[in-house]
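# A look at the structure
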Amino acid sequence: MKTTLIPVAATDMDKIKIRLNPLYWVLIPLLLAGIWKLNQAMTGYQSEFLGFAENKQSDINTDQDMEVKKVWVTHGQSVRKGDTLISGIKPGLDEEILQATLTREGLAAKITKERQELNAEISRLQNELETKESSLQAKIDAARSESSFFRSLTGAQQGISDEAAHLEKELSEVRASYSKLIHKYREQLNTPNPVFSQIRQEDAKKEFAVNQKKRLFVTAPFDGIMANVNVREGESIRSFTTIGSMYEPTPPLVIGYINEKHNTHLSVGDSVSVSSLYHPDKSIKGIIVTKGQRIIEIPEKFRKLADVKTYGVEVYIKISPGNAFLQKEVLKIRPKGLS
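Source: prediction; values computed, not measured.

### Here we look at the overall build of the chain
Along the backbone of the chain there are five helices and 15 strands. By residue count, 31% of the 339 residues in the chain fall in the buried class. If you take every contact in the chain between residues at least 6 apart in sequence, the share linking residues at least 24 apart comes to 77%. For the chain, the exposed area adds up to about 22600 Å²; of that, 55% sits on carbon and sulfur atoms.

Laid out in structure tokens, this is it:
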């Protein structure tokens, strides 16, 4: 009896091979796992998110017109508080200081001269008074002596002569007159001289010019790093021109981006752990100080899947100064309570 073989179609055989190929038993679970992870990345809770370290940057301005004489710093240079950044010159400023100094000296000399003249006049009056007192007193003594002599001859009662009385009255009047003049000049010595107000005005002019000259030296307001320098030597600049900017040596702030679906899991005041994405040994604690008030597109490098656009909010985290992070360094942020 002959055995009859029934031919099987090629397409059917291929289907059998596909069902029996062990490779697909490996690929199919991996594909399913990938789909599950993608779904988790898109919809699951975030146990961590990414951000970057941000340094506070401050503009440095000059408050007056000047010509830049020398630029002492360059881009990226570290500076200490009080270091000179630029120095300038202002034509006519030294002349103002010199003129105010000379005017003040002239006014002070005028006051000294007036006081010397008053003292000299007082001395002259006192000398004149002494001379007149001596002369009148001598006449009074002579008149009394003569009156006493005549009384001794006539036996009249003791009394002062009319001439002596007149001379004594004259002496009293002279003393009163000179005393009044001397008192007047002494009052002038003790009265503030109006020229003093002019001296104060010149002192104020000089002080203002000196302060302007000091401000021709623009100094660093804090320890930091020069972000940029906007002026060059020989350039004339106006007041309130930004000569450059500085940022702090270590970043005091972290800006993170969290998916909008998980925004409600974070609150202001929450503590977080912040570490470098590429250098995990650099780690520090931080506190959330504020959250963004609008939904934005999360930058590509801070997404879980770089090619998939996602949206979220900014989270601002305060960290301690003196940390080891670099400006704009990518950081990993792990909030408490998220898993």
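### Quick look at the sheet that holds strand E9 (residues 242-247)
Hydrogen bonds between backbone atoms are what pair the strands of a sheet, whose relative direction is either parallel or antiparallel. An order of E2-E9-E7-E4 is seen for the four strands of this open sheet, with the pairing classed as antiparallel. Each edge of the open sheet is held by one strand with a lone partner, namely strand E2 (57-61) and strand E4 (78-79). Of the strand pairs in this sheet, E2 and E9 are connected by five bridges, and their pairing is antiparallel. Considered in E9, the bridge of Gln 57 is made with Tyr 247.

### Topic: the pairing of strand E3 (residues 66-71)
Two elements, E3 and strand E8 (residues 236-237), share two bridges in a ladder whose sense is antiparallel. Paired with Glu 67 across the two strands is Ser 236, which belongs to E8.

### Looking at a nonpolar patch on the surface
On the surface, Phe 149, Phe 150 and Leu 153 cluster together into a nonpolar patch covering about 340 Å² of accessible area. Structurally, Leu 153 is set in helix H3 (residues 93-154).

### Observations concerning the pattern of salt bridges
The tally for this structure, following the rule as stated, stands at 14 salt bridges. Among the salt bridges present, the one from Asp 203 reaches Arg 104, with a minimum N-O distance of 2.6 Å. Linking Asp 203 in helix H5 (residues 195-214) with Arg 104 in helix H3, this pair joins segments that are 99 residues apart in sequence. Under the relative-accessibility criterion, Asp 203 is labelled partly exposed at 29%. Each of the salt bridges in this network shares a partner with another, and the network as a whole consists of Glu 121, Arg 124 and Glu 128.

### Looking at H5
In a regular helix each residue adds 1.5 Å, so 20 residues correspond to 28 Å; H5 covers 29 Å between its end C-alpha atoms and thus fits that length. Within the span of H5, buried status applies to Val 195, Ile 199, Glu 202, Ala 209 and Gln 212. On an axial view of H5, the arc spanned by its buried residues comes to 150°, and they lie on one face. The exposed residues of H5 that point more than 90 degrees off its buried face are Arg 200, Glu 207 and Lys 214.

### Some points on the environment of Glu 133
Residue position: Glu 133 is located in helix H3. With residues up to four places along the chain from it excluded, the contact list for Glu 133 reads Leu 171 and Arg 175.

### A closer look at unusual backbone geometry
Note: most residues except glycine have negative phi, and most peptide bonds are trans. Phi angles above zero are rare outside glycine, and Phe 240 is one such case at about 65°. Position of Phe 240 relative to the elements: it lies in the loop between E8 and E9. In this structure, Lys 328 is a non-glycine residue whose phi angle is positive, near 70°. By the element assignment, Lys 328 lies in the loop between strand E14 (311-319) and strand E15 (330-335).

### Observations concerning the confidence of the model for the chain
Per-residue pLDDT for the chain averages 84, and the proportion of residues at 70 or more is 83%. Confidence over residues 1-6 falls short of pLDDT 50; this stretch has zero contacts with residues more than four positions distant or in other chains. In this model residues 40-45 is a low-confidence stretch, pLDDT under 50, and it forms eleven contacts with partners more than four residues away in sequence or in other chains.

### Re the nonpolar core
Ranked by internal contacts, the top residues of the largest apolar core, which has 19 residues, are Val 79, Leu 85, Ile 86, Val 231, Ile 243 and Met 246. Counting only elements with at least two residues in this core, the list comes to E3, strand E5 (84-89), H3 and E9. The residues touching Ile 243, leaving out its near neighbours within four places in the chain, are Ile 60, Thr 62, Leu 85, Ile 86, Val 218, Val 229, Asn 230, Val 231 and Ile 237. Val 254, Val 274, Val 313 and Ile 333 belong to the second-largest nonpolar core, a separate cluster that totals 16 residues.

Rules behind the numbers
- Residues numbered from 1 in each chain as written.
- Predicted model: local features only at pLDDT ≥ 70, side-chain atom pairs only at ≥ 80, totals over all residues.
- Heavy atoms only, no water.
- Helix = DSSP H or I, 4+ residues; strand = E, 2+ residues; numbered from the N terminus.
- Buried < 20%, exposed > 50% of the residue type's maximum accessible area, 1.4 Å probe, protein only.
- Contact = heavy atoms within 4.5 Å.
- Areas by Shrake-Rupley, 256 points an atom, 1.4 Å probe, with all protein chains shown as cover.
- Pairing = 2+ DSSP bridges.
- Patch = residues over 30% accessible without salt bridge, like charges linked within 9 Å, V, L, I, M, F, W, Y side chains within 5 Å.
- Salt bridge = Lys/Arg side-chain N within 4 Å of Asp/Glu carboxyl O.
- Expected span 1.5 Å × (residues − 1).
- Arc of directions from axis to C-beta.
- pLDDT = per-residue confidence, 0-100.
- Core = buried A, V, L, I, M, F, W, Y, C linked by side-chain atoms within 4.5 Å.

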